[in-house]
Amino acid sequence: MMNKLHSNLTFLLLVAAFGSAYADDTDSRFLLTYPNLDNPRGEVVLENEHVVVQRYIVGPGEWEGVHSHPGNQVYVHVVGGEWSGKAGGEFTYQGTISETGSVGWMEAIPLSEGHESGNTGDTPIDLIWVTLKGDGPIRPDFDHKPLHYPEIPMETLIDNERVIVQRVQVEPGVWEGIHSHPGNQVFIHIKGGTWAGRMGGVQNPETTTRANGHVGWMDAIPLSEAHESGNVGDTTIDLVWVTIK
């Protein structure tokens, strides 16, 4: 991840840090709103011309409130938990467990469906939403392929017309291997850690520590730069990549 990639916190610190941290000029079509939460729009942790990324803490016993979804959304559980759902006031599912690190794709849901979900477990759920702003692929002529780390296997979780979503665990002392990046990528740390980077075999002496749930944006890096990153900490880094097609 190196310097190009833009302390673990307790849930109390996370909740205290959350506020109405969304841009006033953000198009409301792309802002997910949970009306029952103290901070209905959570925290906007990343926004550019292609995406808006919001993060929520949903406490035990909390329900989101009836809301709509714009569709073209990826959700990522930084910390999972037990969900139940309603539509029109009636339960549609109860006690479904979403594991930490689990991801999914959300199509559009109109407000008229009376859709909402609630945390029916006994621990907080930490949830990130990546909402795509466009109605179609941003690079339709590009040959999109999953990101490849030569030294570490990666799991492809979603591959549809709009995104490729992958998850990878980087153990302490392990380097990814030289690779390229296509750009237009969101990265999300399920479990953070300490990174170092190399270019052309030369290691940058500076390291970067990322917290659980840290989100960033990756521009294109050609293979000719001989870029790779390594886990120089003492804990496993668990990372999700969302590549926008």
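Up top you'll find the structure we're talking about.
Anyway, here's the lowdown on the structure attached to this text.

1. Some points on the pairing of strand β10 (residues 163-170)
Across a regular strand the side chains alternate sides, sitting on one face of the sheet and then on the other.
Now for step 1: Among the eight residues in β10, seven count as buried, and that is most of the element.
Now for step 2: Here strand β9 (residues 155-159) pairs with β10 via four bridges, running antiparallel. What sits directly across from glutamate 155, in β10, is arginine 167.
Now for step 3: Here β10 runs beside strand β17 (residues 237-244); their pairing, made up of eight bridges, is antiparallel. Within the sheet, the bridge partner assigned to valine 163 lies in β17 and is isoleucine 244.

2. Brief notes about the sheet that holds strand β4 (residues 81-87)
Now for step 1: In spatial order, the strands read β5-β4-β7; together these three strands make up an open sheet with antiparallel pairing. Edge positions in the sheet fall to β5 (90-98) and β7 (115-119), since each of these pairs with one other strand and no more. Going from strand to strand, the sheet's axes swing by 20° on average, the running direction of each strand aside.
Now for step 2: Note that β4 and β7 share five bridges and pair antiparallel. Residue pairing for β7: glycine 85 is matched across the bridge by serine 117.

3. Comments concerning the pattern of salt bridges
A side chain of one charge can pair with a side chain of the opposite charge when the charged atoms of the two come close.
Now for step 1: In the structure shown here, the tally under the stated rule is six salt bridges.
Now for step 2: When the shortest N-O distance is used, the salt bridge between lysine 133 and glutamate 47 registers 2.9 Å. With lysine 133 in the loop between β8 (125-132) and β9 and glutamate 47 in strand β1 (residues 43-47), this residue pair connects regions lying 86 residues apart in the sequence.
Now for step 3: What makes glutamate 47 partly exposed here is its relative accessible area of 29%.

4. Some words on the environment of glycine 101
Now for step 1: Considering the arrangement of structural elements, one finds glycine 101 in the loop between β5 and β6 (103-106).
Now for step 2: The sequence separation of glycine 101 and lysine 191 amounts to 90 residues, and the corresponding C-alpha distance is 8.9 Å.
Now for step 3: Setting aside residues up to four positions removed in sequence, glycine 101 forms contacts with His77, Arg167 and Ile190.

5. Some remarks on the nonpolar core
Now for step 1: Among the nonpolar cores identified, the biggest contains 21 residues, and Val51, Val53, Val130, Val165, Val186, Ile188 and Val240 are the most heavily contacted of them.
Now for step 2: Look past the residues within four positions of valine 165 in its chain and what remains in contact with it is Val74, Val103, Glu155, Thr156, Leu157, Ile158, Val240, Trp241 and Val242.
Now for step 3: Core analysis: the next-biggest nonpolar cluster, separate from the first, contains 13 residues, Ile152, Phe187, Ile221 and Trp241 among them.

6. Brief notes about the packing of aromatic side chains
Now for step 1: Under the criterion given, the structure shown has four aromatic pairs.
Now for step 2: Look at tryptophan 63 and phenylalanine 91: their rings are 6.0 Å apart centre to centre, the planes differ by 70°, and that puts the pair in the edge-to-face class. Of this pair, tryptophan 63 sits in the loop between β2 (51-58) and β3 (73-79) while phenylalanine 91 sits in strand β5, and the two are 28 residues apart along the sequence.
Now for step 3: Take tryptophan 63: its relative accessible area is 18%, and that puts it in the buried class.
Now for step 4: The aromatic ring of tryptophan 63 is capped on one face by lysine 86, whose charged end is 4.5 Å from the ring centroid.

Conventions we followed
Residues numbered from 1 in each chain as written. Predicted model: local features only at pLDDT ≥ 70, side-chain atom pairs only at ≥ 80, totals over all residues. Heavy atoms only, no water. Buried < 20%, exposed > 50% of the residue type's maximum accessible area, 1.4 Å probe, protein only. Helix = DSSP H or I, 4+ residues; strand = E, 2+ residues; numbered from the N terminus. Pairing = 2+ DSSP bridges. Axes fitted to C-alpha atoms, helices over the stretch in contact; angles between N-to-C directions. Salt bridge = Lys/Arg side-chain N within 4 Å of Asp/Glu carboxyl O. Contact = heavy atoms within 4.5 Å. Core = buried A, V, L, I, M, F, W, Y, C linked by side-chain atoms within 4.5 Å. Phe/Tyr/Trp six-rings, centres within 6.5 Å; stacked < 30°, edge-to-face > 60°. Lys NZ or Arg CZ within 6 Å of the ring centre and 35° of its normal.

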